[in-house]
Amino acid sequence: MVDINDTGNIPTGIFQLDEDATLPENEVPEIIIITGISGAGRSRAADTLEDLGWYVVDNLPPRLLGALAGLISPAGTVQKLAVVVDVRSREYFVELLGVLDQLTRENIRYRILFLDASDDILVNRYESVRRPHPLQEGGRLLDGIRKERQLLEQLRNRADLYLDTSELSVHDLARKVRAAVSKAGDKSLHITVMSFGFKYGVPLDADHVADVRFLPNPYWVSELRHMTGRDEPVRNFVMSIDGAEEFANKYVDLLYPIFSGYVRELKPYVTIAIGCTGGKHRSVAMAENISQKLRSRGVDVRTIHRDLGRE
């Protein structure tokens with residue numbers, strides 16, 4: 001079992017995984033089973049995996065796990081599967097250990113992520129949302145928590161990843177899960193560089209907006225007017241203007257350190273909007289240039305031109 005809790009309370013026989021560490025690539029599971037104590041953060045862990053591109057199924061009856069595992073295919077739609085299995089499945093939950101043994105016999109690779117928290121933290125969380133524990137059954141909240149711990153004891157001992165969320169915010173929990181399951185080389189940030197025309201409005205979803213109307217407009221050059229910034233003559237014209245290349249270089253230098261902050265703050269999708277008057281010439285050429293510079297630094301970039309084709 002790997003403990004990805006850094007509070008210092010590491011159970012006997014459990015190794016600690018540093019927050020910035022990842023599982024070796026050949027150990028990253030194709031299936032992750034998310035389980036643990038109710039109120040410890042299973043939903044947040046599932047949301048995090050879904051954001052990373054995992055196919056997530058919540059509150060799955062254990063007997064359906066084998067059938068669902070059959071969906072996984074290296075070339076198929078589902079390549080990474082995460083399932084939340086817990087005591088909400090009630091009498092069916094006791095089947096889980098037998099189902100896991102069957103998966104092992106069938107050589108289906110899986111890992112168990114077990115989420116836990118201290119009793120006092122769980123009580124505070126349940127009181128804040130004013131919902132009963134699934135095993136409370138009209139009794140005290142602590143009775144339900146203790147009954148659940150007994151039911152989950154064997155599963156906890158079989159867990160590959162153990163995370164105590166008592167002292168973690170929802171964002172800290174997401175960072176821990178990301179660090180534990182991400183492969184080396186996974187792209188955790190996706191940048192869209194978008195050209196646009198100010199006369200059609202600034203993109204509503206832009207995180208950064210740059211105005212390149214300080215550059216002379218190729219529209220007023222008759223042989224360039226009917227071309228776009230994708231055409232080499234326009235691109236050469238724009239990027240040869242005094243200050244254009246310098247702007248592109250310095251803008252990329254300005255953006256690049258910000259990206260690590262976006263990753264740290266769990267903002268995986270960022271839109272950079274480059275605008276000129278009509279969104280046909282200067283902004284298009286500059287967006288293409290900036291995109292290429294970012295790609296050369298290893299950034300995952302998609303380039304789109306919002307207003308090309310407009311009259």
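As a starting point, this report considers the structure included with it. Keep in mind the model is a prediction, meaning the values are calculated, not measured. (Residues numbered from 1 in each chain as written. Predicted model: local features only at pLDDT ≥ 70, side-chain atom pairs only at ≥ 80, totals over all residues. Heavy atoms only, no water.)

**Notes on helix α6 (residues 170-181)**
Over its 12 residues, α6 runs 17 Å from end to end, which matches the ideal 16 Å to within 8%, given 1.5 Å per residue. Within α6, nine of the 12 residues are buried, which leaves it mostly tucked inside the rest of the structure. Those residues of α6 not exposed but buried are Leu173, Ala174, Arg175, Lys176, Val177, Arg178, Ala179, Ala180 and Val181. Against β3 (31-36), α1 (42-51), β6 (111-116), β7 (161-164) and α8 (244-264) lie the buried residues of α6. (Helix = DSSP H or I, 4+ residues; strand = E, 2+ residues; numbered from the N terminus. Expected span 1.5 Å × (residues − 1). Buried < 20%, exposed > 50% of the residue type's maximum accessible area, 1.4 Å probe, protein only. Contact = heavy atoms within 4.5 Å.)

**Some thoughts on the side chain of His133**
Summarising the element assignment, His133 is placed in the loop between α4 (119-129) and α5 (141-158). Excluding residues within four positions of it along the chain, His133 makes contact with Ser38, Tyr126, Leu141, Gly144, Ile145 and Glu148.

**Here we look at the pairing of β7**
Of the two faces of β7, the one carrying Leu161 and Leu163 and the one carrying Tyr162 and Asp164 are both buried. Bridging between β6 and β7 involves four bridges; their strand directions are parallel. The residue of β7 that forms the bridge with Asp116 is Asp164. (Pairing = 2+ DSSP bridges.)

**Some details on the packing of helix α7 (residues 232-239) against helix α9 (residues 282-296)**
At a closest axis distance of 9 Å, the pairing of α7 and α9 adopts a crossing angle of 85°. Relative to α9, α7 is oriented roughly perpendicular. Between α7 and α9, the contacting residues are Arg235, Val238 and Met239 on the first element and Arg282, Ala285, Met286 and Asn289 on the second. A class-by-class count of the residues in the contact of α7 with α9 yields four nonpolar, one polar and two charged. (Axes fitted to C-alpha atoms, helices over the stretch in contact; angles between N-to-C directions. Parallel < 35°, antiparallel > 145°, perpendicular 65-115°, else oblique. Nonpolar A, V, L, I, M, F, W, Y, C, P; charged D, E, K, R; others polar.)

**Looking at the pattern of salt bridges**
The tally for this structure, following the rule as stated, stands at 17 salt bridges. Close ionic contact of Glu95 with Arg63 constitutes a salt bridge, the shortest N to O distance being 2.5 Å. Separated by 32 residues along the polypeptide, Glu95 in the loop between β5 (81-84) and α3 (96-105) and Arg63 in the loop between β4 (55-57) and α2 (65-69) bring together distant segments of the chain. Residue class for Arg63 comes out exposed when judged on its relative accessible area of 52%. A salt bridge links Asp253 to Arg297; the shortest N-O distance between them is 2.4 Å. Of the two residues, Asp253 sits in helix α8 while Arg297 sits in the loop between α9 and β11 (300-305), which places them 44 residues apart along the sequence. Taking relative accessible area as the criterion, Asp253 reaches 42% and is therefore assigned partly exposed. (Salt bridge = Lys/Arg side-chain N within 4 Å of Asp/Glu carboxyl O.)

**Overview of the pairing of β5**
Going residue by residue along β5, you find Leu81 and Val83 tucked away on one face and Ala82 and Val84 tucked away on the opposite face as well. Note that β3 and β5 share four bridges and pair parallel. Paired with Ile33 across the two strands is Val83, which belongs to β5.

**Quick notes on the packing of aromatic side chains**
Describing an aromatic ring pair means giving the distance of the ring centres and the angle of the ring planes. Considering all chains together, one arrives at six aromatic pairs under this definition. Relative to Phe259, the ring of Tyr256 has its centre 6.3 Å away and its plane inclined at 70°; by these criteria the two rings are edge-to-face. Here the residue Tyr256 and the residue Phe259 both occupy positions in helix α8, the gap between them amounting to three residues, near one helical turn. Using a relative accessible area of 35% as the deciding quantity, one classes Tyr256 as partly exposed. (Phe/Tyr/Trp six-rings, centres within 6.5 Å; stacked < 30°, edge-to-face > 60°.)

**Here's the deal with α5**
Its 18 residues place the ends of α5 26 Å apart at the C-alpha level, agreeing with the 26 Å of an ideal helix rising 1.5 Å per residue. Taking the largest bend as the criterion, α5 deviates by roughly 55°, centred on Leu152. (Bend = angle between axes of the 7 residues up to and from the residue.)

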